[in-house]
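Structural features, examined
As a plain string of letters, each chain reads:
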Amino acid sequence: MRLHRLTVSAFGPFAGSESVDFDALAAGGLFLLRGATGAGKSSVLDAVCFALYGDVPGTRRANRLRSDHAEARRLTEVRLELTLGGRRLQITRLPEQRRPKKVGTGTTVERPQTLLREWAADAGDGTPGWRAVSKSHQEAGEEIHRLIGMNREQFCQVVLLPQGDFARFLKGDSEERGKLLRRLFDTERFQHVEGWLAEQRRVQEAAVQAGRRRLRDLASKAEQAAGPGAEPAEGWVPAEEDAADLTAGVLGWAAILRSGAAEQRTVAGAALAGAEEAQRAAQGERAAAEELAGRQHRHRQALLQADRLAAFEPEAARDGRRLAAAQAAVGVESALRLHEGATEAHRRAREAERRHREVLAGDGGAGSAAAGGPALAEAGAAELAEAERALRAGLVRLEAAGAEERRCAELAREQRSLDEERRRADELAEEAEDWLAEYDARLGGLQEQQDRARAAGALVEQLDGRRSELSTRLDAARERDGLRAEIAAAEPRAAALRTAALDAREYGLGLRERRLAGMAAELAEQLRTGEACRVCGSPEHPAPAETADGRVGADDEERARRAQAAAEQAWTAADQTLTALRVREATATGAAGPEGSDALAQALAELDREHREALHSAEVLGRVEQEIARLSADRDRRLAELREARERAAVRTDRLQALQHEQRELAARVAAARGEAASVAARAAALERLVERVAAVAEAARACAQALARLGDAEGELAEAAAAAGFPSPEEALAVLLPRAERERLAARLERHRTESAAVRHELALPDLAAAAARPPVDLPAAAAALGAATDRLGRAHAARSAADERCAALASIGRQLADLAAELAPALARYGRINRLAALAAGTSTENRLRMRLESYVLAARLEQVAAAASDRLVRMSGGRYTLVHSDDRGTGNKRSGLALRVVDAWTGTERDTATLSGGESFFASLALALGLADVVTDEAGGMPLDTLFIDEGFGTLDEQSLEEVMDVLDGLRERDRAVGIVSHVADLRTRIPAQLLVRKGRRGSTLALAGREDA
């Protein structure tokens, strides 16, 4: 990776657009970035990092990217041209930032932008130029990361070389080194391996523990199934720490339980066979006793039934005679029932006819249609039928007249409705005409209000601008007044500090002169007889200088120098503060103008009053415009209502005239049909009632004649039936006649008596019943008790045999499960043993891991060993062959593990000691060598991408002249790989050693960049 050109705009301290030509700057290999504190040297490195990764280094990520000095409309932008993997690329990035709106006032948010371009021989038009690669943040970032091969953390650590981090890395403990190495080297996969091994150990341990729990559960089930007399499981189940063979002892114990259960089942089977035989014998004896008792009971019941039937014989004879007479009179019963029914029907028919004729005779006051009622009341059936037909024909004619009468009523109602609708239409048209007559006047008034509100709105906009300007000037005036008070208070203090700094400088110069004057005496004190003089080299010292009174030593001079530096620093800080106050006061004065804050406040209050009045007048604009729009809509609606009302009134008038003509024609026909009745409906109702009553009388007359004929037929049939049954008259037959239910009851009673008598005679004639009756009574409770005892014995035998069978089956099932569990646990135990050993080894807790190093620490230790070897190549040259860095596997104190210790070997003493014992200058070049070595190792780890540009940030001020010379030789050696090395430093000596320099100048309006040489030092 080689940088070519960097361009920043409104970035960090750079207010304008600044460019750095790295090709010209790094032509000699080494170049210096110098400038005052806070000028923006580190911001140049921030810009490089931001262009590549869209972010700045971690220690400065909280700082804002946009310059506070930049113009509002200048956008913050960083553009970097570089070569990556043989490709010339240009990266342009703009962060998210606020900018003024293009239209109107205020600001808006500018979204972040990224543009990645590549130099191509053909940019699309046949000529070389930049070709767009991507505008996506993600795509550009992925492409750059792929080409560099390092993430932002690695790049900042390897390319920008922050010396403070490596000083801490050099003297820190293993934990601190591990944090940095984990960021730079991808050891996450080894953490995953450790985690995976630990997880697999937990999984396998859980499987073994689950098998152990299943084993204990099966042992408990086997012990429970074997019963209380079996050998307990205690002693056969292995302990928690025993994981070699969990099932060997339990399998043997289970076999012993199965053998005992089989013997118990054999004993229970023999007892069951004896109980079954005894129960069968008791059942036979009980059945024989129950059969004999049943026969004895049947014989006793037959004797009792025979006595009861003999007592019923006289009554049965009487019932037989009575039943025979009733059977003979049955033939007369049906004819008698027909005669009685015919007599009753004739009586009801005569009564109905009489009632209907009375109703018809009394119907004479219902108008002309019912006037013939009394005359028809005495008519015969034929006359009544003819009258009914004539009346029904008149009723049909009246139905048509009734429809016309209803139509007349509907026409009257419709005329009234139409007349009301026409009246409402006329009123609506009159109301619309009145409203339209006032429309023009109301519209003119609203338009005048609209014009006044618009003028007030324009005035509000003008006053807004003036108020904003006055408010800004008032704020600036108040700030100006406050700053003037601060300046007045700060000027005496700055003057006093300046006087103190000058006094301290004069005092320090005086001490230096006095020490120089006494330097000969100071050297004379160090002379020893026989030793060479450090000035002339002579071993003889004939006249050494004498020490004068009040001699100044190096300690006195150092104290004076520190006091002078402190006084000058205090004066500089006070002067910078005063200068900043004066700059702010001048800026505020220019923004406020010549007026005072009171005058500006009074003017702003007057503008506020005018603004409120104008705003109040302008606020009615919306309401007036809405009123005008509503008035226009009302006008259109009123015009439509007027037109519709006039059309509706004309239509209703034409319809009324047609209905009046139709009503006059129908009224004449209805009057003729109504006659003297109140209405056609009333006349039709009276006529309908007369028709119904005439029809009822006619029907009643016909029914009475038919009932009389049926009565004569019934009397003849009754006489014939009595003669046929042998009775002189029907009355004698009725005397002996019984109801059908009574006859059936007597017949059933006699039949039941005959059946029961035959059955009793048959039962008493059976020889087995007679033999049973001759034997003594049977003792059934004794036989039942014997059977119950045998059954209880059989039940207990069955329960014992079932329990033995279930015990054998349960133990057999548990034995199979134990065998399956043994086969299943064998490989699980083997896997657990292997994974447990590997996990402990990777975690550094195994006794086999003598260094107590975790897997990730082992890998990082290997990387650290490579870094120490690469760093030692340069450290030997920087330290004049004295120091070498080596990696150590020494174990830490306490519970700390080993693997990331770093030691320094001193070739002058031949000892190996801790890196914390190095002095300040030694720590610098040791950490620099470590940083350079780490850069080489990380580069190789990331894929070998050559890093042609490096930056070293500060740290050279701790070196003496000899050490600085050796460090510079090492840095010059970096150019052997064609590298360009940029040094960020304040050290003055570097300005004469490094000709190519980038000068960062700071000012009140922001910092600038410029190429400088040794002549600008």
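Read on for a plain summary of the structure. (Residues numbered from 1 in each chain as written. Predicted model: local features only at pLDDT ≥ 70, side-chain atom pairs only at ≥ 80, totals over all residues. Heavy atoms only, no water.)

1. Here we look at the pattern of salt bridges
Here the structure, examined in full by the defined rule, presents 28 salt bridges. Residues R561 and E558 are paired through a salt bridge, measuring 2.5 Å at the closest nitrogen-oxygen approach. Of this pair, R561 and E558 both sit in helix α15 (residues 554-592), 3 residues apart, which is roughly one turn of the helix. Between E606 and R609 there is a salt bridge, with its nearest N and O atoms 2.2 Å apart. Placement of both E606 and R609 in helix α16 (residues 597-618) is noted, with a separation of 3 residues, approximately one turn of the helix. (Salt bridge = Lys/Arg side-chain N within 4 Å of Asp/Glu carboxyl O. Helix = DSSP H or I, 4+ residues; strand = E, 2+ residues; numbered from the N terminus.)

2. Here we look at the nonpolar core
Among the nonpolar cores identified, the biggest contains 45 residues, and L6, F31, L52 and L82 are the most heavily contacted of them. Examining the composition of this core, we find that 9 residues originate from one element, helix α2 (residues 41-53), more than from any other. When residues no more than four places from it in sequence are discounted, the contact partners of L82 are M1, R2, L3, H4, L52, R87, R88, L89 and I91. One finds A870, L902, L934 and V937 within the second-largest nonpolar core, a separate group that totals 32 residues. (Core = buried A, V, L, I, M, F, W, Y, C linked by side-chain atoms within 4.5 Å. Buried < 20%, exposed > 50% of the residue type's maximum accessible area, 1.4 Å probe, protein only. Contact = heavy atoms within 4.5 Å.)

3. Concerning the sheet that holds strand β10 (residues 883-888)
Pairing between the strands of a sheet is mediated by backbone hydrogen bonds and can be parallel or antiparallel. Strand order in the open sheet made by the 3 strands is β10-β11-β12, with antiparallel pairing throughout. Each having just a single partner strand, β10 and β12 (911-914) make up the two edges of the open sheet. Between one strand axis and the next, the sheet turns through 35° on average, direction left out of account. Of the strand pairs in this sheet, β10 and strand β11 (residues 901-906) are connected by 6 bridges, and their pairing is antiparallel. Along β11, the bridge assignment pairs L885 with V904. (Pairing = 2+ DSSP bridges. Axes fitted to C-alpha atoms, helices over the stretch in contact; angles between N-to-C directions.)

4. Some details on the sheet that holds strand β4 (residues 77-84)
Taking strand neighbours across the sheet as the criterion, the 6 strands line up as β2-β1-β4-β5-β8-β9 in an open arrangement whose pairing is antiparallel. Because the sheet does not close on itself, it has two edges, and the strands there are β2 (14-21) and β9 (129-134). Direction aside, the axes of adjacent strands within the sheet are offset by 20° on average. The pairing of strand β5 (residues 87-94) with strand β8 (residues 113-120) spans 6 bridges and is classified as antiparallel. Bridge pairing in β8 links L94 to Q113.

5. As for α2
The terminal C-alpha atoms of α2 lie 19 Å apart, and with 13 residues this matches the ideal 18 Å at 1.5 Å per residue to within 8%. Counting buried positions along α2 gives 12 out of 13 residues, so the element sits mostly inside the fold. Buried residues of α2: K41, S43, V44, L45, D46, A47, V48, C49, F50, A51, L52 and Y53, and no others. Within two residues after α2, G54 carries a phi angle of roughly 75°, on the positive side. (Expected span 1.5 Å × (residues − 1).)

6. What about the packing of aromatic side chains?
In the structure shown here, the tally under the stated rule is 3 aromatic pairs. Measuring from ring centre to ring centre gives 6.1 Å for F11 and F50, while their planes differ by 40°; the resulting arrangement is tilted. In this pair, F11 sits in strand β1 (residues 2-11) while F50 sits in helix α2, placing the two residues 39 residues apart along the sequence. What makes F11 buried here is its relative accessible area of 3%. (Phe/Tyr/Trp six-rings, centres within 6.5 Å; stacked < 30°, edge-to-face > 60°.)

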